[in-house]
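An overview of the molecular structure
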Amino acid sequence: MSRPHEDRQHHTATDHHAGGPAIVFAPPAWWAIAVVHVTAERADAGVSSYETLVEQARSSAARVQEAAILRSQNHRRVIVLLHLDGHEGFRHLRAAWDDHHLVAERHAVAESRSLTLYSVATTLGDAALDPSSTGAVAFEQFSSGLDRIAPVTSSIAAAPGFRGAAILRTDDDGASAIVYRFGHAEEIGAFRASETLYPVHVVRTFV
């Protein structure tokens, strides 16, 4: 079912649909990742706001090639992943979203947010994000580079239920992120108990 949403700044109607084709991560592609903390009752509004922003970014100078919107299972975070052409596209994206005040701010959606540019360092197994998949997906950010999180990355492929993972890093290797795929949600917690790792639902992809 579509969810009409009006972009009040441009006065254009946007029709949002869940689902979409699978997105495949491949080194050394550039991905901008926005993590938005919301109250649980505002999670759907956060998703809708960022759907509008992604649709606008795809036709802007940011040159977004594909994107995905994820929502944490506890409805406290909205994660947006955008495949860009690099630093120039990221500069345009950041400027455009700052100009919009991320829309979410105008509607009192977000408690806090971050926007970081990563490149795909490596993938393991089938790391594709597919809204139609029955498997489980999780997301985790680290405030350290790949060398510091080596114990995590080296243990992923051997974890029960593991299906795939995309491992990303910042230019200076000062931060990193992982998108995990497992067969079932309970296998995520069994692999790694961490406050920074949380199961997510793939709401929509854009290609």
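Preceding this section is the structure that the text describes.
So, here is what we can say about the structure in this document. (Residues numbered from 1 in each chain as written. Predicted model: local features only at pLDDT ≥ 70, side-chain atom pairs only at ≥ 80, totals over all residues. Heavy atoms only, no water.)

1. Section: the overall build of the protein
A tally of regular secondary structure across the protein gives four helices and 10 strands. The buried share of the protein, reckoned over its 207 residues, is 50%. Of the accessible surface of the protein, which amounts to about 9,400 Å², a share of 50% is contributed by carbon and sulfur atoms. (Helix = DSSP H or I, 4+ residues; strand = E, 2+ residues; numbered from the N terminus. Buried < 20%, exposed > 50% of the residue type's maximum accessible area, 1.4 Å probe, protein only. Areas by Shrake-Rupley, 256 points an atom, 1.4 Å probe, with all protein chains shown as cover.)

2. What about the layout of surface pockets?
The calculated volume of the largest pocket comes to roughly 160 Å³. Looking at the largest pocket, it is lined by 13 residues, and the ones nearest its centre are Gly 135, Ala 136, Val 200, His 201 and Val 202. Elements with a minimum of two residues in the lining of the largest pocket: strand E7 (136–142), helix H4 (185–191) and strand E10 (197–206). No other element matches the four residues that E10 contributes to the lining of the largest pocket. Along the lines of polarity and charge, the residues of the lining of the largest pocket split into eight nonpolar, four polar and one charged. (1 Å grid on protein atoms, 1.4 Å probe; cavity = no way out; pocket = protein on both sides within 12 Å on 5 of 7 lines; lining within 4 Å. Points joined across faces, edges and corners; volume = space filled by probe spheres on them. Nonpolar A, V, L, I, M, F, W, Y, C, P; charged D, E, K, R; others polar.)

3. Examining the nonpolar core
Counting residues in each nonpolar core, the largest one holds 25 residues, and the members touching the most others are Ala 32, Ile 69, Val 80, Leu 82, Leu 84, Leu 93 and Trp 97. Secondary structure elements with two or more residues in this core: strand E3 (30–38), helix H1 (43–58), strand E4 (66–72), strand E5 (77–84), helix H2 (87–99), strand E6 (110–125) and E10. Grouped together as the second largest cluster of nonpolar side chains are 23 residues, Trp 31, Ile 79, Ala 166 and Val 179 included. (Core = buried A, V, L, I, M, F, W, Y, C linked by side-chain atoms within 4.5 Å.)

4. Considering the pattern of salt bridges
Counted according to the given criterion, the structure contains eight salt bridges. Overlapping salt bridges, with partners in common, bring together Glu 51, Glu 55 and Arg 204 in one network. (Salt bridge = Lys/Arg side-chain N within 4 Å of Asp/Glu carboxyl O.)

5. Quick word on the packing of aromatic side chains
Counted according to the given criterion, the structure contains seven aromatic pairs. Seen in terms of ring centroids, Tyr 50 and Trp 97 are 5.5 Å apart; in terms of plane orientation they differ by 70°. Their pairing is edge-to-face. Highlighted residues: Tyr 50 in helix H1 and Trp 97 in helix H2, separated in sequence by 47 residues. For Trp 97, a relative accessible area of 3% translates into the label buried. Ring-pair connections join several aromatic residues into one group, and the members of that group are Phe 162, Tyr 180, Phe 182 and Phe 191. Across the ring face of Tyr 198, the terminal group of Arg 77 is positioned such that the distance to the ring centre comes to 4.3 Å. (Phe/Tyr/Trp six-rings, centres within 6.5 Å; stacked < 30°, edge-to-face > 60°. Lys NZ or Arg CZ within 6 Å of the ring centre and 35° of its normal.)

6. A word on the environment of Val 200
With respect to the helices and strands, the residue Val 200 is situated in strand E10. A C-alpha to C-alpha distance of 5.5 Å links Val 200 and Val 137, two positions 63 residues apart in sequence. Those residues in contact with Val 200, other than ones at most four positions away along the chain, are Leu 70, Arg 71, Ser 72, Gln 73, Ile 79, Val 137, Ala 138 and Phe 139. (Contact = heavy atoms within 4.5 Å.)

7. Looking at the side chain of Thr 205
Within the fold, Thr 205 resides in strand E10. Judged by relative accessible area, Thr 205 falls into the buried class, the value being 5%. The residues contacting Thr 205, other than those within four sequence positions of it, are Gly 19, Gly 20, Pro 21, Ile 23, Ala 67, Ala 68, Leu 129 and Pro 131.

8. Brief notes about H1
Taking 1.5 Å per residue, 16 residues should reach 22 Å; H1 reaches 23 Å between its end C-alpha atoms and fits that length. The element H1 is extensively covered by neighbouring structure, given that 12 of its 16 residues are classed as buried. If you check which residues of H1 are buried, you get Ala 43, Gly 46, Val 47, Ser 48, Ser 49, Tyr 50, Glu 51, Thr 52, Leu 53, Val 54, Gln 56 and Ala 57. (Expected span 1.5 Å × (residues − 1).)

9. Regarding unusual backbone geometry
In this structure, Pro 28 follows Pro 27 across a cis peptide bond, with omega equal to 0°. Even without a glycine there, the phi angle at Arg 63 is positive, about 55°. Positioned with a positive phi, Asp 173 is a non-glycine residue whose angle comes to about 60°. Locating Asp 173 in the fold gives a position in the loop between strand E8 (162–169) and strand E9 (176–182).

10. Observations regarding the pairing of E7
Consecutive side chains along a regular strand alternate between the two faces of the sheet. With six of seven residues buried, E7 is to be regarded as a mostly interior element. Examined bridge by bridge, E7 and E9 share seven bridges and lie antiparallel to one another. Bridged to Gln 141 within E9 is Ala 177. Summarising the sheet, E7 and E10 pair through four bridges and their orientation is antiparallel. Each bridged residue has a counterpart across the sheet, and for Ala 138 the counterpart in E10 is Pro 199. (Pairing = 2+ DSSP bridges.)

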